[in-house]
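Single-letter residue listing:
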Amino acid sequence: MSSISSALVLFSGGQDSTVCLAWALSRFDRVETVGFDYGQRHASELAARLRILRGLRANFAGKAARLGEDHLLPLDVLKVIGGSALTDASKIEMGAHGLPTSFVPGRNVMFLTAAAALGYRRGISDLVGGMCETDFSGYPDCRSETVQATARALSLGLARDVRVHTPLMAMDKAATWYLAEELGGAALVKLIVEETVTCYEGDRSQRHDWGYGCGACLACDLRSAGYLKYTGATANQQGIAARPEIKP
Ligand code: ZN
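Just so we're clear, the structure is a prediction, and the values are computed from it rather than from any experiment. (Residues numbered from 1 in each chain as written. Predicted model: local features only at pLDDT ≥ 70, side-chain atom pairs only at ≥ 80, totals over all residues. Heavy atoms only, no water.)

(A) Here's a closer look at empty space enclosed by the protein. Scanning the model with the defined rule gives two cavities of 30 Å³ or more in all. Here the second largest cavity defines a volume of roughly 40 Å³. Taken together, L78, I81, G82, S84, T87, V104 and P105 form the lining of the second largest cavity. Within the lining of the second largest cavity, the residues separate by chemical class into four nonpolar, three polar and no charged. (1 Å grid on protein atoms, 1.4 Å probe; cavity = no way out; pocket = protein on both sides within 12 Å on 5 of 7 lines; lining within 4 Å. Points joined across faces, edges and corners; volume = space filled by probe spheres on them. Nonpolar A, V, L, I, M, F, W, Y, C, P; charged D, E, K, R; others polar.)

Structure (structure tokens):
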């Protein structure tokens, strides 16, 4: 048996999954990444993945040496099923059942299933995902209970332990920026600002302090508010003292 620990990070090219990737690089000997092409309305997320991986290799030579293969899996079935503003050309707003129209039913369960199957082939039992239950959107498949129940079902179905780590589960967006700084200093914060895509429109034409985005969608609102809280706190010493305790 190998004593080398390894993890597979669900890596979308967004802020959260980039922080999760840095988190995994600080804890596992070898880290592979997987992204999913599910007919996202914009392809800029997928392009960002490659820029971020290049940036990590260029700026974090020590940790990035742990970076292994990157995988991209098609999950077109989510696009075929449709009905989400992330895969269809419809407006992102609050929809029926109190969920934003950006909700893609079953997405995270499907992502975890595909990642666990890939991990099975790669000999990796530890998955890392950026799911978070503290933000406003309330996606039911981002809840810890859903994620851990899925891990349990996958462990049974694969007859092998599948562990899903969700370091951001209880964090707000400001704490995610703090964690990035803790893991990779100003260089990682800069990489996230410059290269990650959070915006629902995939906008890369407008640059703000917190990075690129339309500045008007729900995802941009959340990202900018978190960044403002983070920089407001780091700009004065009291803020630093008031920094929330981070328990990855
Ligand atoms: Zn936006």
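Past the structure itself, the notes keep going.
(B) Broad picture of unusual backbone geometry. One non-glycine residue, A159, adopts positive backbone phi at about 50°. Here A159 is to be found in the loop between helix 6 (144–158) and strand 5 (163–165). (Helix = DSSP H or I, 4+ residues; strand = E, 2+ residues; numbered from the N terminus.)

(C) Region of interest: the nonpolar core. Ranked by internal contacts, the top residues of the largest apolar core, which has 73 residues, are L10, L21, F36, L56 and L127. Every residue in contact with F36, bar those within four places of it in the chain, is listed here: L10, L46, L72, L73, L75, F111, A114 and A115. (Core = buried A, V, L, I, M, F, W, Y, C linked by side-chain atoms within 4.5 Å. Buried < 20%, exposed > 50% of the residue type's maximum accessible area, 1.4 Å probe, protein only. Contact = heavy atoms within 4.5 Å.)

(D) Local environment of the coordination of the zinc ion. The protein atoms that coordinate the zinc ion are C199 (SG), C214 (SG), C217 (SG) and C220 (SG), at distances of 2.3 to 2.4 Å. In this structure, the zinc ion is surrounded by four donor atoms whose angles at the metal cover 104 to 117°, and the resulting shape is tetrahedral. In terms of primary sequence, the donors binding the zinc ion are separated according to C-x14-C-x2-C-x2-C. Of this pair, C199 sits in the loop between helix 7 (173–195) and strand 6 (207–208) while C220 sits in helix 8 (residues 218–234), and the two are 21 residues apart along the sequence. Each member of the pair, C199 as well as C220, is classed as buried. (Donors = N, O, S within 2.8 Å, 3.2 Å for Na, K, Ca; no water. Tetrahedral: all angles 85-135°; square planar, octahedral: opposite > 155°, others 65-115°.)

(E) Seen up close, the sheet that holds strand 2 (residues 30–37). Read across the sheet, five strands follow the order 3-2-1-4-5 without closing on themselves; strand pairing throughout is parallel. Looking at the sheet topology across the chains shown, the edges are occupied by strand 3 (67–74) and strand 5. Each adjacent strand pair in this sheet contributes to an overall mean axis angle of 25°, direction not counted. Of the pairings in the sheet, the one linking strand 2 to strand 3 comprises six bridges and is parallel in character. Among the inter-strand pairings, T33 is bridged to a residue of strand 3, identified as D70. (Pairing = 2+ DSSP bridges. Axes fitted to C-alpha atoms, helices over the stretch in contact; angles between N-to-C directions.)

(F) Fine view of the environment of T134. Here T134 lies in the loop between strand 4 (126–128) and helix 6. Take T134: its relative accessible area is 39%, and that puts it in the partly exposed class. Measuring from C-alpha to C-alpha, the distance between T134 and D172 comes to 6.0 Å, with 38 residues separating the pair along the chain. Once residues within four sequence positions are removed from consideration, T134 is found in contact with M169, A170, M171 and D172.

(G) How the structure looks around the packing of helix 5 (residues 107–122) against helix 6. Here helix 5 crosses helix 6 at 40°, and the two axes come no closer than 10 Å. Between helix 5 and helix 6 the crossing geometry is right-handed. Every residue of helix 6 that contacts helix 5 at V109, L112, T113, A116 and Y120 is listed here: T146, V147, T150, L154 and L158. Across the contact of helix 5 with helix 6, the residue classes break down as seven nonpolar, three polar and no charged. (Left-handed = near helix turned anticlockwise from the far one by under 90°.)

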